[in-house]
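Commentary on secondary and tertiary structure
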Amino acid sequence: MHNEDPVHKDRKRVRRVAIVLSTGSYQREAPTTVLRLAEKLLERGIEVNVWAFEEAVTLTNREQIEHNEPPSLKPVLGESHAPVGRFIDQLLRAGLHGAKMDWVTCILCAQERGVEKHQMGGAIVGTLGDLWKFVGGADQVIAIPAYR
Amino acid sequence: MGRLLVVESRDLTEYAAARSLPLLVEELCQKGHDVTLFLVENGVIAARRGAAAGLSFDALSDTGAHILADDVSCRARGIRELAPGVCPSDLDHLADKIADGFDNILWY
């Protein structure tokens, strides 16, 4: 239901969303939620720009290894446990034929964590200048805070 | 007035600072803003029917806030019934609302 008051009647549809993420894979559920939301936004033709810093730079580490689940859990969880990088890769590839997602990893945070040279294909190592441009070019900005 | 999205991913019963969230939403509504409160991840815990914190959602909804809870987060936590004032939702719904545009998005 749209508001029909004068403040909202001229609101334009969002075309580009910037997401700022600082959480790694196993700290919080935030990366999963962000990727779920990014997928939905891409389905709607909305471009998504993700700027990952701090622990989030490890999400796109290409050295992530997929483990087999323990035999007792396979009937419940499946054969293996895919790392989050696989989901990111799928979303980046989906952008080839639809709304695109750009994923930029902070170079300083990546260097500090030893993953600068290990970023997966499609993830771009960048700077705060990229964050600035993402924010400036976005219709909506979502900043996900990091909590203990 | 503005159209605002507040996303709460923390368990409101765990973080002391999160208890100010209902006050924030209430005040924004009272100032005439169109506020959507979207509960996701551990944020849905307080929206379980019977949870003590759930009592505030009913009153919060009466102030005009649209309070939604992500279904995946609820199912992952075994939440089958939501507190009064909280409506079931999902990320498709959230994406639709974001596509329409907000003046500001606050993600906790």
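Residues numbered from 1 in each chain as written. Chains lettered and ligands numbered in written order. Predicted model: local features only at pLDDT ≥ 70, side-chain atom pairs only at ≥ 80, totals over all residues.

Re the confidence of the model for chain A
Which entries qualify depends on this criterion: The score called pLDDT rates the predictor's confidence residue by residue, from a low of 0 to a high of 100. Residues are defined as contacting one another if the C-beta atoms placed from their backbone atoms lie within 7 Å.
Of the residues in chain A, 92% have a pLDDT of 70 or more, and the chain-wide mean is 89. Within the model, pLDDT remains below 50 along residues 1-8 of chain A, and this stretch shows seven contacts once partners closer than five positions in the same chain are excluded.

Quick notes on the sheet that holds strand β2 (residues 34-39) of chain B
Residues and elements named next belong to chain B. Rules: Criterion used throughout: strands pair if DSSP finds at least two bridges between them. Helix and strand assignments follow DSSP, with helices taken as H or I runs no shorter than four residues and strands as E runs no shorter than two, numbered in order from the N terminus. Axis definition: a line fit to C-alpha positions, over the contact stretch in the case of helices; interaxial angles, taken between N-to-C directions, run 0 to 180 degrees.
Spatial strand order, β4-β3-β2-β1-β5: five strands in an open sheet with parallel pairing. Here the strands that pair on one side only, and so sit at the sheet edges, are β4 (86-89) and β5 (104-107). Geometrically, the sheet is characterised by an average inter-axis angle of 25 degrees between neighbouring strands, direction not taken into account. Seen against the sheet, helix α1 (residues 21-30) touches β1 (3-8) and β2 and runs at an angle of roughly 155 degrees to β2.

Here we look at the interface of chain B and chain A
Contact residues are listed per partner, giving 19 residues for chain B and 26 residues for chain A. The set of elements that each furnish at least two residues to the side of chain B that touches chain A consists of α4 (91-100) and β5 of chain B. Broken down by element, the residue count for the side of chain B that touches chain A peaks at seven residues, all from α4 of chain B.

Quick notes on the nonpolar core
All names here are of chain A. The condition is simple: Think of a nonpolar core as buried Ala, Val, Leu, Ile, Met, Phe, Trp, Tyr and Cys residues chained together by C-beta atoms that fall within 7 Å. Neighbour density around each residue's C-beta defines its exposure: 20 or more other C-beta atoms within 10 Å make it buried, 12 or fewer make it exposed, and counts between make it partly exposed, where C-beta atoms are placed from the backbone.
Within the largest apolar cluster, 68 residues are counted, with the highest numbers of intra-cluster contacts made by Ile19 and Ala52. Among the elements that line this core, the one with the most residues is helix α2 (residues 30-43), at seven residues. Ala52 has contacts with Leu21, Val57, Leu59, Thr60, Trp103, Val104, Thr105 and Cys106, leaving out every residue within four places of it along the chain.

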